[in-house]
Amino acid sequence: MDGNTPLLSTKEQIVCENLKSQRALQGKRARALLALNDGDTQVVAAKKSGLSYGQVKYLLTVFRKKGLDIFPEVKGTEVKSVKKPQQEKSKGTKKLKKKDKKKKDKKEKTKKDKKKKEKKSKKKKSKKSKK
């Protein structure tokens, strides 16, 4: 990156400004990108953001390829949610999905068992009617 070309567009700067107050990884990434955009070195950006040098180097590489897609809660240039509880909800959602899947599997198994029982009872009835 040369000194004349900024890393972030105006929209990307706004998104990073909105995210930088987060304590989570997204906030650290946003702070690092803002520091790099201001002309700081990767080492300085790492110190300012709380990331390691390697993380900043990797972040820069990925950001150049994916842009704002590195932030899962950002769609286009809008921020869906910048609050930490959303992340906790997503973890809980995964647990709920697993529980829902287990319940669904149990229901399917129960249905299969019922069908088997029905088939057996039909066979028994047909055998009795033949005798």
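Residues numbered from 1 in each chain as written. Predicted model: local features only at pLDDT ≥ 70, side-chain atom pairs only at ≥ 80, totals over all residues. Heavy atoms only, no water.

Would you mind going over helix H3 (residues 42–49) with me for this structure?
Residues spaced three or four apart along an α-helix face the same direction, because each turn holds 3.6 residues. Among all positions in H3, only Ala 45, Ala 46 and Ser 49 are buried. Considered in projection along H3, the buried side chains sweep an arc of 105 degrees and stay on one side of the axis. In H3, those exposed residues whose orientation departs by more than 90 degrees from the buried face are Lys 47 and Lys 48. On its buried side, H3 packs onto helix H2 (25–37) and helix H4 (53–66). Positive phi shows up at Gly 50, right after H3, with a value of about 95 degrees. (Buried < 20%, exposed > 50% of the residue type's maximum accessible area, 1.4 Å probe, protein only. Helix = DSSP H or I, 4+ residues; strand = E, 2+ residues; numbered from the N terminus. Arc of directions from axis to C-beta. Contact = heavy atoms within 4.5 Å.)

For this particular structure, what's the right way to read the nonpolar core?
In summary, soluble globular proteins display a tendency toward joint burial of nonpolar side chains. Formed by 22 residues in total, the largest nonpolar core has its most connected members in Leu 33 and Phe 71. Contributing elements (two or more residues each) for this core: helix H1 (10–19), H2, H3 and H4. Per element, the largest residue contribution to this core is six residues, and it comes from H2. (Core = buried A, V, L, I, M, F, W, Y, C linked by side-chain atoms within 4.5 Å.)

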